[in-house]
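Reading the structure
Okay, here's what each chain looks like letter by letter:
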Amino acid sequence: MTHFIFVTGGVVSSLGKGISAASVAALLEARGLQVTMVKMDPYINVDPGTMSPFQHGEVFVTEDGAETDLDLGYYERFLRRAKMTKLNNFTSGRVYQDVLNKERRGDYLGGTVQVIPHITDNIKERVLRAGEGYDVAIVEIGGTVGDIESLPFMESVRQLMVELGHKHSMLMHLTLLPYVSSAAELKTKPTQHSVKELLSIGIQPDILICRTEHDVDADTTRKIALFTNVQARAVIVCKDAKTIYQIPRNFSEQQVDDLICERFGFDNLPKADLSDWDQVCEALFNPEYTVRVAMVGKYVELPDAYKSVNEALLHAGIQNRVKVQIDYVDAESLESQDLSILSTANAILVPGGFGERGTEGKMAAIRYAREQGIPFLGICLGMQLAVIEYARHVANMPEASSTEFNRSTKYPLIGLITEWLDERGELQQRNLESDLGGTMRLGAQKSELVAGTKTREIYGKAEITERHRHRYEMNDRFIAPLEEAGLKISGYSSVQHLVETVEIPAHPWFVAVQFHPEFTSSPRDGHPLFASFIDAAKKQYQKGQ
Ligand code: GLN
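Report follows, based on the coordinates. (Residues numbered from 1 in each chain as written. Predicted model: local features only at pLDDT ≥ 70, side-chain atom pairs only at ≥ 80, totals over all residues. Heavy atoms only, no water.)

1. What to know about the overall build of the protein
- Looking only at helices and strands, one finds 18 helices and 23 strands in the protein.
- A compact globule built from 545 residues would reach a C-alpha radius of gyration of about 24 Å, and the protein, at 25 Å, matches this within 12%.
- Counting all 545 residues of the protein, 58% fall into the buried class.
- The long-range share in the protein, meaning contacts at least 24 apart out of those at least 6 apart in sequence, stands at 74%.
- Surface exposure of the protein reaches about 22,300 Å², of which carbon and sulfur atoms provide 48%.
- Here the protein holds 57 positive side-chain charges and 73 negative ones, and the gap between their average locations is 2 Å. (Helix = DSSP H or I, 4+ residues; strand = E, 2+ residues; numbered from the N terminus. Rg over C-alpha atoms; globule rule 2.2 N^0.38 Å. Buried < 20%, exposed > 50% of the residue type's maximum accessible area, 1.4 Å probe, protein only. Contact = heavy atoms within 4.5 Å. Areas by Shrake-Rupley, 256 points an atom, 1.4 Å probe, with all protein chains shown as cover. Lys, Arg positive; Asp, Glu negative; His and termini not counted. Charge placed at Lys NZ, Arg CZ, Asp CG, Glu CD.)

2. What about a negative patch on the surface?
- Taken together, the side chains of E301, D330, E335 and E356 present a region of like negative charge at the surface.
- With respect to the secondary-structure elements, D330 resides in strand β13 (residues 323–330). (Patch = residues over 30% accessible without salt bridge, like charges linked within 9 Å, V, L, I, M, F, W, Y side chains within 5 Å. Salt bridge = Lys/Arg side-chain N within 4 Å of Asp/Glu carboxyl O.)

3. Looking at the site of the ligand
- Looking at the ligand, the residues that line it are G352, G353, F354, C380, L381, Q384, E404, R469, H470, R471, Y472 and H516.
- Here an oxygen atom of the ligand and a backbone polar atom of L381 are 3.0 Å apart.
- Residue Y472 places a main-chain N or O atom 2.8 Å away from an oxygen atom belonging to the ligand.
- When isolated, the ligand has an accessible area of 300 Å², and the protein chains bury 99% of it.
- Every element with two or more residues in the shell around the ligand is listed here: α14 (381–393) and β19 (463–470).
- Considered class by class, the residues forming the shell around the ligand number four nonpolar, five polar and three charged. (Near = heavy atom within 4 Å. Polar contact = N/O pair within 3.5 Å; in protein donor to acceptor, adjacent residues only side chain to side chain. Nonpolar A, V, L, I, M, F, W, Y, C, P; charged D, E, K, R; others polar.)

4. Concerning the nonpolar core
- I5, L28, M37, I138, I207, F251 and I260 are the most contacted members of the largest nonpolar core, which has 61 residues in total.
- Of the residues forming this core, the biggest block, eight residues, is contributed by helix α1 (residues 17–30).
- Sequence-distant contacts of F251, that is, excluding residues within four places in its chain, are made with S20, S23, V24, L27, I209, I236, C238 and V256.
- Formed by 47 residues, the second largest nonpolar core is a distinct cluster that contains L339, M383, A400 and I489. (Core = buried A, V, L, I, M, F, W, Y, C linked by side-chain atoms within 4.5 Å.)

5. Some points on the packing of aromatic side chains
- Scanning the model with the defined rule gives eleven aromatic pairs in all.
- Judged by centre distance (6.0 Å) and plane angle (10°), the ring pair of F4 and F6 falls under stacked.
- A relative accessible area of 2% means that F4 is categorised as buried.
- Exposure remark for F6: the relative accessible area of 0% places this residue in the buried category.
- Centre to centre, the rings of F78 and W277 are 5.3 Å apart; their planes meet at 25°, and the pair counts as stacked. Pair noted here: F78 is in helix α3 (residues 71–78) and W277 is in helix α11 (residues 275–285), with a separation of 199 residues, a long-range link. Pair check on accessibility: F78 and W277 agree, each one buried. (Phe/Tyr/Trp six-rings, centres within 6.5 Å; stacked < 30°, edge-to-face > 60°.)

6. A word on the sheet that holds strand β11 (residues 235–239)
- Read across the open sheet, the seven strands follow the order β5-β2-β6-β1-β7-β10-β11; overall the sheet is parallel. For this open sheet the edge positions go to β5 (89–91) and β11, each flanked by a neighbour on one side alone. The average undirected angle you get between the axes of adjacent strands in this sheet is 20°.
- Relative to strand β6 (residues 136–141), strand β2 (residues 35–41) runs parallel, the two sharing six bridges. Bridge assignment links T36 to a residue of β6, and that residue is A137.
- Lying over the sheet, α3 contacts β2, β5 and β6, oriented at roughly 170° with respect to β2.
- Set on the sheet, helix α5 (residues 115–131) makes contact with β1 (3–9), β2, β5 and β6; between it and β2 the angle comes to about 155°. (Pairing = 2+ DSSP bridges. Axes fitted to C-alpha atoms, helices over the stretch in contact; angles between N-to-C directions.)

7. Re the pairing of β13
- One ladder, built from eight bridges, connects strand β12 (residues 290–297) with β13; its direction is parallel. Along β13, the bridge assignment pairs V291 with V324.
- At this point the chain moves from β12, through helix α12 (residues 307–320), to the parallel β13, and the crossover so formed is right-handed. (Right-handed = clockwise from strand over helix to strand, strands pointing away.)

8. What to know about the environment of H315
- Tracing the sequence through the fold places H315 in helix α12.
- Measuring from C-alpha to C-alpha, the distance between H315 and S522 comes to 6.5 Å, with 207 residues separating the pair along the chain.
- Setting aside chain neighbours within four positions, we find H315 in contact with R77, Y245, S521, S522, P523 and G526.

9. Regarding the pairing of strand β14 (residues 347–350)
- Taking every second residue as pointing to the same face, both faces of β14 are buried, with A347 and L349 on one and I348 and V350 on the other.
- Here β14 runs beside strand β15 (residues 376–379); their pairing, made up of three bridges, is parallel. Looking across to β15, one finds that V350 is bridged to G378.
- With respect to chirality, the unit in which β14 leads through helix α13 (residues 359–372) into the neighbouring parallel β15 is right-handed.

10. A short note on α14
- When the terminal C-alpha atoms of α14 are compared, their 18 Å separation across 13 residues agrees well with the 18 Å that a helix rising 1.5 Å per residue should span.
- Counting buried positions over the 13 residues of α14 gives twelve, a clear majority of the element.
- Taken residue by residue, α14 has L381, G382, M383, Q384, L385, A386, V387, I388, E389, Y390, A391 and R392 as its buried positions. (Expected span 1.5 Å × (residues − 1).)

11. As for a nonpolar patch on the surface
- Taken together, the side chains of Y96, L100, V115 and I116 make up a nonpolar region of the molecular surface, amounting to roughly 340 Å² of accessible area.
- For the nonpolar patch, the elements supplying multiple residues, two or more each, are α4 (92–105) and α5.
- Looking at where I116 falls in the secondary structure, it is placed in helix α5.

12. Things to note about the pattern of salt bridges
- Under the definition given, this model contains 39 salt bridges.
- One salt bridge in this structure joins K39 and D69, with 3.2 Å as the shortest N-O distance. Note that K39 is positioned in strand β2 and D69 in the loop between β4 (67–68) and α3, a separation of 30 residues in sequence. The two residues K39 and D69 agree in class, both being buried.

13. Quick word on unusual backbone geometry
- Between I116 and the following residue, P117, the backbone shows a cis peptide bond with an omega angle of 15°.
- Examined against the element boundaries, P117 turns out to sit in helix α5.
- Non-glycine residue Q337 carries a positive phi angle of around 75°.
- Within the secondary structure layout, Q337 lies in the loop between β13 and β14.
- Of the residues examined, Q337 reaches a relative accessible area of 56% and is grouped as exposed.

Here it is in structure tokens:
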């Protein structure tokens with residue numbers, strides 16, 4: 001039977017609930033348990049797929065093609081054995097949609113459909129299903145205790161805890177201990193109040209994670225324990241860390257794992273071996289020097305919009321023993337053709353994106369990287385633009401474009417697969433998977449890398465699996481002229497033979513990929529493409545010394 005740890009947050013948002021939950025998960029995994037994680041989001045959007053990255057940060061794509069909250073990225077980066085799926089993230093909107101569909105179908109036989117029990121039952125079923133087959137499922141509730149929106153989730157958790165019982169469920173609550181400088185004191189009152197709020201909906205927390213900027217003395221933790229009816233050993237201090245990857249070690253020092261294992265009756269488990277996490281921190285704290293990567297994008301005001309790319313670069317720095325400084329460059333600012341801001345970059349990256357805005361600026365940056373021999377990595381839209389830039393300036397197709405932003409271009413290098421097959425009357429012949437064309441290519445797919453290419457050498461194998469999230473594809477009628485002009489197609493998707501990766505053999509390091517390698521990078525294992533990219537950035541840095 002699966003054991004559940006529910007995670008709520010109080011006082012304020014942005015306390016790092018996802019990271020704390022993931023750190024506990026990593027710690028339990030290090031004890032040999034099979035651990036999975038779930039995120040329940042109280043908003044009404046059916047999924048985060050259409051939400052603005054400006055507001056909501058990146059959309060994280062799972063192996064099975066679900067568009068999910070960026071917290072699932074943390075979950076995968078902290079866990080080695082569990083992969084997130086469609087089951088691991090759901091919203092109020094999704095739950096209501098389900099219940100309303102059933103209501104329209106007549107499944108409720110004319111009964112009154114209510115939040116309790118119909119909405120809460122749907123939530124409970126989803127939680128139980130996601131936990132199936134695991135020793136422990138850690139279930140995070142988005143938002144803050146007291147929010148109107150999250151009440152049905154809280155109520156479902158309350159019911160589940162009664163049904164599962166003490167030996168199979170726990171609740172971990174995250175709070176803030178603010179420091180009031182005029183009193184030179186850490187204040188526990190907001191914590192007391194947020195626990196009171198939880199109690200008013202019938203939930204007693206078992207563990208408190210107290211976020212703080214300062215050290216917390218034993219008197220304070222005792223006081224918190226007393227007022228919140230939590231054991232003193234279960235009041236865990238989470239002082240701001242230099243890196244989030246220290247938190248599993250921090251929690252282990254406070255024996256959070258022992259507390260959980262005792263409660264759930266996991267006896268005789270090995271101690272947690274956290275040496276791989278220690279190595280990650282050691283490398284982060286002792287870089288040999290700093291390399292600078294210019295990230296040319298559209299959502300640069302909110303770095304969370306590129307969360308997984310940022311993390312993948314950090315991981316590549318760990319592997320290469322350098323600090324990677326990311327300089328965010330607003331693509332539109334490059335449209336004046338003043339590229340001096342790129343002059344300090346040891347490498348340039350153009351990440352994924354949607355729509356026309358900023359594309360000319362991104363292509364100016366790509367051209368600069370190509371002409372100056374600066375290492376370049378293009379991801380998704382970044383690859384599409386690299387291909388267009390090459391066609392325009394090297395392969396003699398001056399008006400080359402993508403039908404995403406120019407429907408009447410003479411050279412539709414990038415288009416919807418249905419468009420370019422139709423143009424040749426081949427739409428019927430090619431056996432298209434029903435979801436290709438118009439809709440997104442989503443989730444993990446296999447590609448074959450071409451022998452003798454840099455891409456193949458980087459991965460060290462011929463067949464790779466990477467995650468996708470895009471509608472447009474490179475039109476294969478342009479492969480021959482581009483290859484003649486010196487751009488090499490280095491990988492094709494296994495099933496549809498679509499262009500997956502391109503490179504410029506004559507350039508020191510110029511690789512662009514249609515998929516999103518950032519989603520599978522992790523601090524302990526990195527990702528070959530990012531590792532090689534940062535290795536190239538190091539060489540570029542050394543050249544400049
Ligand atoms: N807008 C492009 C497409 O849909 C690229 C998407 C992306 O970069 N994720 O194909």
